[in-house]
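Single-letter residue listing:
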Amino acid sequence: MMSERDIQETTGRLLEKWGREPVNLLQILIALQQSLHHIPDQAVDLLSSTLNISQASIEGVIGFYSFLHTSPRGEYDILFSDNIIDQMLGSRSLATQLAERLCTNPGDTRCDKHISLDYTSCTGMGDQGPAALINGYPLTSLTPERIDRITALVEMEVPVTEWPEELFHVSDNIHRRDLLLDSDLPPGRAIESALTQGAGRLLDSLGNAGLRGRGGAGFKTADKWRFCLQAAQEQRVVVCNADEGEPGTFKDRVLLQRYADRLFEGMTLCAAVVGAQKGFLYLRGEYLYLREPLEQELEQRRSNGLLGQAILGREGFDFDITIHLGAGAYICGEESALIESLEGKRGIPRIRPPFPVTHGYLGYPTVVNNVETFIAAAMIAVYGADWFRAKGTEASTGTKLLSISGDCQRPGIYEYPFGTTLSEILDDCGAEETQAVQIAGPAGHWVAPEEFHRTIAFEDLATGGSFMIFNRSRSLLEAVKNFTNFFVHESCGFCTPCRVGTTLLKKQLNKILNTHATRKDLESIETIGTLMQETSHCGLGQTAANPILTSMKKFPLIYKSRLRTTSFEPTFDLDASLEEARLATGRDDPGAHLKRGGV
Ligand code: SF4
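Read on for an overview of the structure.

1. Structural notes on the overall build of the protein chain
So, point 1. Each helix and strand in the protein chain was counted, giving 26 helices and 15 strands.
So, point 2. For the protein chain, whose C-alpha radius of gyration is 24 Å, the value lies close to the compact-globule estimate of 25 Å for 599 residues.
So, point 3. With the C-alpha coordinates aligned to their principal axes, the bounding extent of the protein chain is approximately 75 × 65 × 55 Å.
So, point 4. For the protein chain, with 599 residues in total, the buried portion stands at 58%.
So, point 5. Look at the contacts in the protein chain between residues 6 or more apart in sequence, and 72% of them connect residues 24 or more apart.

As structure tokens, then:
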């Protein structure tokens, strides 16, 4: 039992470590959670008085992030990955097996506070699942035998730090290399190139290379960096978005594990171009195990004069990178939400404009790019625009890393030139009898076999990297249900169409799965989905209906075969269900209704 004095000492030490800066609130809360297994009221009091943040605000931050808790979690805190791919590999039955062995239930903390067991959205281990996290560290390739070993270790109260390393082994599983993974990048070479060429020529080179952000939206990297450079402020900031929360994606994990030096090279290159002194790597909480090696890599670069003061001996070129952890909130992958989170707040997407590139972290012009984009920029700085353009298509130059998981013989990382067809990819990874591929995660595209001639490209199938394969034995409706539940869980709750709409979709889908739905329910789904697309505040709500809407279009039979023949079976009044939201927002105009002139 933690004494009040222990709580005060731990909180005081962490406040000291993070400079008593309000902007570091989230980092302090994460460290408290790790040390004390929860965030006690006394710690909240102390943080509130020291940082001059209201208790309500601090509690709001704690409540926002899945990995933070005000009531104690078990000393062994186990979270099974609930991604559909983990489910297909048997995660649910393994979680049940472990729960039975340890006399608890998924979702519970055992009354002796020894064990907590629950599910989490996706741990980013789709190529080596079923996976789980224990106290934040990944357990991979789980089997009934491994579950028995874990049971024994927990029952014998062996500290997690003393468990056999092979339980935590994370493989790279790189099966295809191309431009980025097959070429050398000597440390410092890209930065030298930036310093020699100057910002203008380097930006021209990135522009000529046609480099676009690898997150999926495809904004031109040179333009983003140029806007930041041109913003009228003294300070600028470089942020790497390593939140990688899209279920089915894990390529950033491998890049961070094996190619971190290239990433830091790319961030420093960006700092040289835009004139930034401060950099952040925002690392998703599920990749906690990577923090220590990444800190070592940063330290190595500082020792080699590639970070810190006067980089490469150039007076005035000062830049350093701090790692900030996330705490289990998918929405923080959205760049303005990520910046809010970096500032220690709830990760609610900002209203744009202004855009982060001119008003980002603490109001400073901020470049936010993902891991793959920074690495590509560093490679272009060394090898040139033509080298990069030699691969890919006119509108999508270079290559794309894919995280391939699901029904295939060789799941893992594949680097392909843009323009590669799905058929080729499916052949390479050993997929057979494929019924459908889901590209770009739950918010992305369902692709049916008659479309497997289509290509990975911004002008065709854009993706951040998730490539999930479902063979003919799978229920696509189960996958749609998993994706829809994911959005219910990850909606930040800020706006009504998303908060209410995701729940309504979930109810409707359950009705279909229980064969109680009629054609009218499909029409309702379209109405709700359209409303969400048109009125949600950010991309999450705007795309949360995609799994249902696109599967209804591409695979209508899976829905029709489950419908009742009666014309209508009411379950709830859609418009009435929005009444609470109307009261909360003080709106009662036609636009706030699904009828009366609303959508
Ligand atoms: S759309 Fe959803 S995730 Fe985005 S701000 Fe609204 S509630 Fe939050």
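2. Thoughts on the site of the ligand
So, point 1. As a matter of local geometry, the ligand sits amid 13 residues, with Cys492, Phe494, Cys495, Cys498 and Cys538 nearest to it.
So, point 2. The cavity where the ligand resides is the second largest cavity.
So, point 3. Of the residues contributing to the shell around the ligand, the split by class is 8 nonpolar, 5 polar and no charged.

3. Digging into the packing of helix 13 (residues 260–274) against helix 16 (residues 371–383)
So, point 1. In contact at an axis separation of 7 Å, helix 13 and helix 16 are set at 75° when each is read in the N-to-C sense. Put simply, helix 13 runs roughly perpendicular to helix 16. Here Arg262, Leu263, Glu265, Gly266, Met267, Leu269 and Cys270 of helix 13 come into contact with helix 16, specifically with Val371, Phe374, Ile375, Ala377, Ala378, Met379 and Ala381.
So, point 2. Across the contact of helix 13 with helix 16, the residue classes break down as 11 nonpolar, 1 polar and 2 charged.

4. Examining the sheet that holds strand 9 (residues 320–325)
So, point 1. Pairing in this open sheet of 4 strands is parallel, and the strands run 9-8-7-10 from one edge to the other. With partners counted over all chains shown, the strands left at the sheet margins are strand 9 and strand 10 (366–370), one partner each. Each strand axis lies, on average, 20° off the axis of its neighbour in the sheet, ignoring direction.
So, point 2. Relative to strand 9, strand 8 (residues 278–283) runs parallel, the two being bridged by 6 bridges. Looking at strand 9, one finds that Phe280 is bridged to Thr322.
So, point 3. Set on the sheet, helix 14 (residues 291–303) makes contact with strand 8 and strand 9; between it and strand 9 the angle comes to about 175°.
So, point 4. Most of the contacts of helix 16 go to strand 10, to which it runs at about 100°, and overall it touches strand 7 (237–242) and strand 10.

5. Quick word on the packing of helix 1 (residues 4–17) against helix 3 (residues 41–51)
So, point 1. The interhelical angle for the contact between helix 1 and helix 3, taken along N-to-C directions, is 40°, at an axis separation of 9 Å. Like other packed secondary-structure pairs, helix 1 and helix 3 cross with a definite hand, here right-handed. In this structure, helix 1 uses Glu4, Ile7, Gln8, Thr11, Gly12 and Leu15 to contact helix 3, whose residues at the interface are Gln42, Ala43, Leu46, Leu47, Thr50 and Leu51.
So, point 2. The residue makeup of the contact of helix 1 with helix 3, split by class, is 6 nonpolar, 5 polar and 1 charged.

6. Points about the environment of Ile30
So, point 1. Along the chain, the position of Ile30 falls in helix 2 (residues 25–36).
So, point 2. Between the alpha carbons of Ile30 and Leu325 there is a distance of 7.9 Å; along the sequence they are 295 residues apart.
So, point 3. Beyond its immediate chain neighbours, meaning those up to four positions away, Ile30 contacts Leu68, Leu325, Gly326 and Ala327.

7. Some details on the sheet that holds strand 5 (residues 137–139)
Paired through backbone hydrogen bonds, the strands of a sheet run either parallel or antiparallel to each other.
So, point 1. Strand order across the open sheet formed by 5 strands is 2-3-1-4-5, with mixed pairing between neighbours. Lying at the two open borders of the sheet, with one neighbouring strand each, are strand 2 (108–109) and strand 5.
So, point 2. Taken together, the 3 bridges between strand 4 (residues 132–134) and strand 5 define a ladder with antiparallel strand orientation. Bridge pairing in strand 5 places Leu133 opposite Pro138.
So, point 3. Against the sheet, helix 6 (residues 91–101) makes contact with strand 1 (76–81) and strand 3 (115–120), and its axis sits at roughly 160° relative to strand 1, the strand it touches most.

8. A few points about unusual backbone geometry
Both trends apply: most residues other than glycine have a negative phi, and most peptide bonds are in trans.
So, point 1. Put simply, Arg352 and Pro353 share a cis peptide bond, and its omega is 0°.
So, point 2. Along the polypeptide, Pro353 turns up in the loop between helix 15 (335–342) and strand 10.
So, point 3. Residue Pro354 is reached from Pro353 by a cis peptide bond, and omega for that bond is 5°.
So, point 4. Its location among the elements puts Pro354 in the loop between helix 15 and strand 10.
So, point 5. Of note in this structure, Lys113 is not a glycine but carries a positive phi near 60°.
So, point 6. Along the chain, Lys113 falls in the loop between strand 2 and strand 3.
So, point 7. On the accessibility criterion, Lys113 (39% relative accessible area) is partly exposed.
So, point 8. Positive phi, normally seen in glycine, also occurs at Glu157, with a value near 55°.

9. Let's talk about the environment of Val274
So, point 1. Along the chain, Val274 falls in helix 13.
So, point 2. Remark: the alpha-carbon pair of Val274 and Ser403, spanning 129 residues in sequence, is separated by 31 Å.
So, point 3. Among residues more than four places away in sequence, those in contact with Val274 are Trp225, Cys228, Leu229, Arg236, Val238 and Val367.

10. Concerning the pairing of strand 3
So, point 1. Bridging between strand 1 and strand 3 involves 6 bridges; their strand directions are parallel. Within strand 3, the residue paired with Ile78 across the bridge is Leu117.
So, point 2. Linking strand 2 back to strand 3 in an antiparallel pair, the connection comprises 5 residues, with Lys113 at a positive phi of about 60°.

11. A look at the environment of His489
So, point 1. Within the secondary structure, His489 is located in helix 19 (residues 476–490).
So, point 2. Take His489: its relative accessible area is 47%, and that puts it in the partly exposed class.
So, point 3. It is 9.3 Å that separates the C-alpha atoms of His489 and Thr503, two residues lying 14 residues apart in sequence.
So, point 4. Contact partners of His489, with chain neighbours within four places excluded, come to Ser66 and Ser121.

What counts and how
- Residues numbered from 1 in each chain as written.
- Predicted model: local features only at pLDDT ≥ 70, side-chain atom pairs only at ≥ 80, totals over all residues.
- Heavy atoms only, no water.
- Helix = DSSP H or I, 4+ residues; strand = E, 2+ residues; numbered from the N terminus.
- Rg over C-alpha atoms; globule rule 2.2 N^0.38 Å.
- Buried < 20%, exposed > 50% of the residue type's maximum accessible area, 1.4 Å probe, protein only.
- Contact = heavy atoms within 4.5 Å.
- Near = heavy atom within 4 Å.
- 1 Å grid on protein atoms, 1.4 Å probe; cavity = no way out; pocket = protein on both sides within 12 Å on 5 of 7 lines; lining within 4 Å.
- Sits in = over half its atoms within 2 Å of the grid points.
- Nonpolar A, V, L, I, M, F, W, Y, C, P; charged D, E, K, R; others polar.
- Axes fitted to C-alpha atoms, helices over the stretch in contact; angles between N-to-C directions.
- Parallel < 35°, antiparallel > 145°, perpendicular 65-115°, else oblique.
- Pairing = 2+ DSSP bridges.
- Left-handed = near helix turned anticlockwise from the far one by under 90°.

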